[in-house]
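Report on the structure
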Amino acid sequence: MIWKTRITKITGIKYPVVMGAFGGWGKSKFASSFSNAGGLGIIAALNFPNLEDFKIDLQNMKNLTDKPFGVNLSLPHHTLMDTNEDKKTKKRYLEYLEVALNENIKIFTTSGFKAKFLGDRIHQAGGYWFHKCVLIKHAVAAEKDGADAVTLVGLEGTGFKNPFSNTTLINITMAKKLLKIPIIAAGGIGDARGYLSALALGADAVCFGTALMITKECPVALNIKKKWLNMDIFDEDFYNRIFHYNVKNFMSPSMALGHRKEIVPVKAFIEEIIDGAEKILKLWGFKTEEFSTL
Ligand SMILES: Cc1cc2nc3c(=O)[nH]c(=O)nc-3n(C[C@H](O)[C@H](O)[C@H](O)COP(=O)(O)O)c2cc1C
């Protein structure tokens, strides 16, 4: 089946699936497996302590895939004001951005507060700016700031949380009513039903974080993957880590873990999601060979 959404149209990816930004792990080897499987692989720029290593990894990515991919710039989660320290931080981000632009990268994802200074430079260079946030009001602000798409992370997901986070269900259905730009759904999605329902809620693509941690190519240690696979997502401690706002636990895997039963290659993971979704659509009586939300 051919999958068409506003995000596949902007990016040129085969399936409307986007790799999460992974501090520590989002480098070319892992990201290229996602791009080669038909999604948008993401290299997290700040994984590289210096600009030269970042540039080398971008070049490596181009050797590993000829498919579309993007670069993430995760900003600190406090407002960047105009102090000297903040000016230095902004300058550093702009330097990473410049390296990527020089490598002809066209798709950028940002996360955190006050990303407009990056978005403006991305647009000036002819690229696309997707901003990730957890609150609908921040998504509305990102649209006003000129973002080309927003990723909304629901409460059941992982990553930085906000005390006023909503669930993926509320986020996407409400954002669909409030925004004109494409929406990428993230948070707690780890199987074909989750993927398909996110598109039904109004998303133009789905972003996977935790579920991808359990793939073969993810550079997390095997014993940790196995520990995660054996976790009881209905356990009280697990619940508290995910649903009770506590920034110290922002790297905890999310409810999406419950959908993963074994460690599989990224290609098999994406095929499972897409094939599963196509089977469900057929069961529902969907007859055409094209799924389009355009
Ligand atoms: C190990 C790990 C590291 C992450 N690092 C970052 C990061 O550096 N920047 C960011 O914006 N999001 C980060 N995230 C969040 C993901 O990009 C994604 O938004 C989130 O995992 C989606 O929810 P899910 O885990 O339920 O799929 C990370 C997630 C995980 C699991």
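What you see is a predicted model; the values in this text were computed from it and never measured. (Residues numbered from 1 in each chain as written. Predicted model: local features only at pLDDT ≥ 70, side-chain atom pairs only at ≥ 80, totals over all residues. Heavy atoms only, no water.)

1. Some points on the overall build of the chain
Heads up, the condition is: Elements are defined by DSSP. Helices are runs of H or I of four residues or more, strands are runs of E of two residues or more, and each kind is numbered from the N terminus. Our radius of gyration is a C-alpha quantity, and the globule rule it is checked against amounts to 2.2 Å times the number of residues to the power 0.38. The buried label goes to any residue with under 20% of its type's maximum accessible area, the exposed label to any with over 50%, and the partly exposed label to all in between, with areas taken from a 1.4 Å probe on protein chains only. Only heavy atoms enter the contact rule, under which two residues are in contact if any of them lie within 4.5 Å. Surface accessibility follows the Shrake-Rupley procedure with a 1.4 Å probe radius. Residue values consider only the protein chains on display as shielding. Positive charges come from Lys and Arg alone, negative charges from Asp and Glu alone, with His and the N- and C-terminal ends not counted. Every charge is mapped to an atom, namely NZ of Lys, CZ of Arg, CG of Asp or CD of Glu.
Within the chain one finds 12 helices and 10 strands. The C-alpha radius of gyration computed for the chain amounts to 18 Å, which stays within 12% of the reference 19 Å derived for 294 residues, consistent with globular compactness. Across its three principal axes, the chain shows a C-alpha extent of roughly 55 × 45 × 40 Å. Across the 294 residues of the chain, 51% fall into the buried class. At a minimum sequence separation of 6, the contacts of the chain that also span at least 24 residues come to 63%. Counting only carbon and sulfur atoms, one obtains 56% of the accessible surface of the chain, whose full area is about 13800 Å². Put simply, the chain has 38 plus and 29 minus side-chain charges, and the middle of one group is 2 Å from the middle of the other.

2. Some points on the environment of Ala 198
Relative to the elements of secondary structure, Ala 198 occurs in helix α8 (residues 192-201). Overall, the relative accessible area of 2% leaves Ala 198 in the buried class. For the pair Ala 198 and Leu 169, spaced 29 residues apart in the sequence, the C-alpha separation amounts to 7.8 Å.

3. Details of the packing of helix α2 (residues 28-36) against helix α3 (residues 51-64)
Heads up, the rule is: Helix axes are fitted only over the stretch in contact, all axes being lines through C-alpha atoms; the angle between N-to-C directions runs from 0 to 180 degrees. Here is the rule for handedness: rotate from the far helix to the near one, and if that takes an anticlockwise turn smaller than a right angle the crossing is left-handed, while a clockwise turn gives right-handed. By the convention adopted, Pro, Cys, Tyr, Trp, Phe, Met, Ile, Leu, Val and Ala count as nonpolar, Lys, Arg, Asp and Glu as charged, and the other residues, Gly among them, as polar.
Where α2 meets α3, the closest approach of the two axes is 9 Å, and the angle between their N-to-C directions is 35 degrees. Judged by the sense of rotation from one axis to the other, the crossing of α2 with α3 is right-handed. Packed against α2, whose contacting residues are Ser 28, Lys 29, Ala 31, Ser 32, Ser 35 and Asn 36, the element α3 presents Asp 57, Asn 60, Met 61 and Leu 64 at the interface. Residues that form the contact of α2 with α3 fall into these classes: three nonpolar, five polar and two charged.

4. Points about helix α12 (residues 266-283)
Here is the rule: What a helix is expected to span follows from its residue count: subtract one and scale by 1.5 Å.
Compared with an ideal rise of 1.5 Å per residue, which puts 18 residues at 26 Å, α12 spans 26 Å between its outermost C-alpha atoms and is within 8% of the ideal. Here α12 has its buried residues at Val 266, Phe 269, Ile 270, Ile 273, Ile 274, Gly 276, Ala 277, Glu 278, Ile 280 and Leu 281. A positive phi of about 95 degrees marks Gly 285, the residue just after α12.

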